[in-house]
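# What the coordinates show
So you can see what is in the structure, the chains are spelled out below.
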Amino acid sequence: MTTADVAIVGGGFTGAAFAIHLSRMAERSLDIVIVEPRDRLGRGLAYDTADPDHRLNAPLEVHFLYPDAPGHLRDWYAGQGGPARDPDALAADGNIYLRRGDFGCYVEEQLRAHIAGNPSGSTIRHLRSRALAARRTSSGYRLTLDDGREVSAGLTVLAAGYDRPTAPPPFDGAISDCPGFLGDPWDTARLREIPADARVLLLGMAQTASDVIAVLLRSGHRGPIAAVSRHGLRTRHRPQSGSGPPPDVVDRIVRPVSLFSAAHGRHTSVRGLLRTLRAEARRVETAGGSWLEPFGDLRDSVWDVWPALPLEEKRRFLRHLRVWYDVHRFQLPPQIEARIAEAEAAGQVSFEAASCVSAAYDNSAFTVTLQPRGSGERRRETFDAIVNCTGPGMRPDRSTNPFVRALAAEGFAAPHPAGIGFSVEEECRAIGAGGHADPRLRIVGPLTYGAFADQQGASFIALRLYRTVPDIVAALRR
Ligand SMILES: Cc1cc2nc3c(=O)[nH]c(=O)nc-3n(C[C@H](O)[C@H](O)[C@H](O)COP(=O)(O)OP(=O)(O)OC[C@H]3O[C@@H](n4cnc5c(N)ncnc54)[C@H](O)[C@@H]3O)c2cc1C
């Protein structure tokens, strides 16, 4: 049995950032363990990639680990040789879009430095395993790991990040087990095994699909790649007039009232928000600016705007507007956007608003019946491979992650009533099925979407951790 003051489940960006900030701020030496099956910490799903086309979706300056030193990443990058190390990082808009693997390297190095020494003299250990279940004890939680080990900790922090996407209908049955169906779009090794001439169908056409297209093109794929989605919404083009040096993110997020609420008042309906946003976009565009300016103000105000929305409005947003929000929120790095546009112009890559009505597998190929949006016509097409790019699942009670499912099933952490992530209160204490917040179980990162909404970008996550850790330090004092 391993005992610790703090057990962090998940050692991706969020788990690593949490360990770093806790070891910096703790008032006494803590024994911190990070349970993470990957051999490298700090990378997780987003940054554990060696693919040169997997780049950060926003300029370097927008990403930080230390809200109190936002220039730290830029200095680190310069110390690594800057653009000389990766000439493609400098995009036509004059900004640097780091390879995600390089950002992962930065976070990993920072954590390693804190493992070697940190202001509180805490120890940080990596248990290379996967947490499966938890039970409450008189002093905290006892975790069961998949290698049979147990960890007993006073404070447990869930930083398990994203779930794998679940196959949508009509692929949710046995067909998703057929060879050629790739349920995990981030399994780049399997993507590269797709034969170069294969006809590939991508379910989804947003950022995940773009990542997959980039991997296929880089590995010399010659066959057609068709991306379909019901809405047909594609990641929005990054407007040139909205480029230039990125704004100071910390300054935009750390303020008593958000930019959007200060300018337009508090909104309590998504319809009202949308109306204001559209009017602002029209006004700015008429003056020669870009929609990205008011949209960016809203994005950087979500920490303030989201909690003010009543539950039914949050549900309305998730049902109808989230897809639309996401294609504006997550733009592609210009380098990847250009590569995909080239393949689209050459006719190799296509995007279509269409539903997959039925699918069958026979003789190593899939026959899919497609119905274009707004049309009564259906047509059948044959594909050799299908990749599920519908985006990560976010319902804890239906998670493919046994530990996340177990916390929900035991009632230690209740799914958020909006239908996404877990319920937590302001300091990330998990709210259990009985409605009580548990100071011994904290949930951080994307799994807190229902409570905070924009806990997806690295900087938003880092900032919330930075603000939450002092409360945790106080709890550990007692
Ligand atoms: C493909 C992709 C690209 C992205 N690009 C950007 C970007 O350019 N810029 C940006 O700001 N944000 C980006 N994001 C958002 C990104 O998710 C956050 O920046 C951040 O990386 C989230 O990290 P995380 O550690 O919470 O989650 P994850 O990266 O999902 O990591 C979670 C970790 O927890 C581990 N884990 C899960 N379950 C268990 C368990 N039961 N036991 C032990 N360990 C467990 C997993 O192995 C994993 O390593 C991207 C996200 C994705 C998916």
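Keep in mind it's a predicted model, so treat the numbers as computed, not measured.

Quick look at the sheet that holds strand β11 (residues 365–372) now. Within a sheet, each strand pairs with its neighbour through backbone hydrogen bonds, oriented either parallel or antiparallel. Strand order in the open sheet made by the seven strands is β7-β13-β8-β9-β10-β11-β12, with mixed pairing throughout. Both edges of this open sheet fall to β7 (181–182) and β12 (379–383), since each of them pairs with a single strand only. Where β11 meets β12, five bridges bridge the pair, whose relative direction is antiparallel. Across the sheet, the residue bridging to T369 is R380, located in β12. On the sheet, helix α6 (residues 207–218) packs against β8 (200–203), β9 (225–229), β10 (349–362) and β13 (385–388) and is oriented at approximately 155° with respect to β8.

Bringing the pairing of strand β2 (residues 31–35) into the picture now. Counting buried positions over the five residues of β2 gives four, a clear majority of the element. Pairing of β2 with strand β3 (residues 123–127), which is carried by five bridges, proceeds in the parallel orientation. The residue of β3 that forms the bridge with I32 is I124.

Partitioning the chain into structural domains gives domain 1 (2–163 + 393–477), domain 2 (174–235 + 332–388) and domain 3 (240–329). A C-alpha centroid distance of 31 Å is found between domain 1 and domain 2. At the interface, 16 residues of domain 1 touch 13 residues of domain 2. Carbon and sulfur atoms make up 53% of the surface buried where domain 1 meets domain 2, a total of about 1,200 Å² over both sides.

This part takes up the packing of aromatic side chains. All chains considered together, the criterion is met by 13 aromatic pairs. Consider the rings of F295 and Y325, whose centres lie 5.2 Å apart with planes at 40°: the pair is tilted. Highlighted residues: F295 in helix α10 (residues 292–299) and Y325 in helix α12 (residues 311–329), separated in sequence by 30 residues. The pair formed by F295 and Y325 is uniform in burial state, with each residue classed as buried. Taken together through their ring pairs, the aromatic side chains of W291, F295, W306, F317, Y325 and Y449 make up a single cluster. Sitting above the plane of the F351 ring, R234 keeps its charged end 3.6 Å from the centroid. Sitting over the face of the ring of F452, R464 holds its NZ or CZ atom 3.5 Å from the ring centroid.

For the ligand, the set of nearby residues contains 34 residues, the closest of which are T14, E36, Y47, Y162 and N401. Within the side chain of Y47, one N or O atom sits 2.8 Å away from an oxygen atom of the ligand. At 2.8 Å, a backbone N or O of N57 approaches an oxygen atom of the ligand. Relative to its unbound accessible area of 990 Å², the ligand is 94% covered by the protein chains. Elements with a contribution of two residues or more to the shell around the ligand: α1 (13–25), α2 (44–47) and α16 (458–477). The dominant element in the shell around the ligand, judged by the number of residues it contributes, is α2, at four residues. The residue makeup of the shell around the ligand, split by class, is 17 nonpolar, twelve polar and five charged.

With that settled, the discussion passes to the side chain of H221. Here H221 lies in the loop between α6 and β9. Only 2.9 Å separates the side chain of H221 from the backbone oxygen of A198, close enough to count as a polar contact. Once residues lying within four places of it in the same chain are set aside, the contact partners of H221 are I194, P195, A196, A198, V200, L216 and Q348.

About the criteria used
Residues numbered from 1 in each chain as written. Predicted model: local features only at pLDDT ≥ 70, side-chain atom pairs only at ≥ 80, totals over all residues. Heavy atoms only, no water. Pairing = 2+ DSSP bridges. Helix = DSSP H or I, 4+ residues; strand = E, 2+ residues; numbered from the N terminus. Contact = heavy atoms within 4.5 Å. Axes fitted to C-alpha atoms, helices over the stretch in contact; angles between N-to-C directions. Buried < 20%, exposed > 50% of the residue type's maximum accessible area, 1.4 Å probe, protein only. Domains from an automatic or database assignment. Buried area = accessible area lost by both parts, 1.4 Å probe. Phe/Tyr/Trp six-rings, centres within 6.5 Å; stacked < 30°, edge-to-face > 60°. Lys NZ or Arg CZ within 6 Å of the ring centre and 35° of its normal. Near = heavy atom within 4 Å. Polar contact = N/O pair within 3.5 Å; in protein donor to acceptor, adjacent residues only side chain to side chain. Areas by Shrake-Rupley, 256 points an atom, 1.4 Å probe, with all protein chains shown as cover. Nonpolar A, V, L, I, M, F, W, Y, C, P; charged D, E, K, R; others polar.

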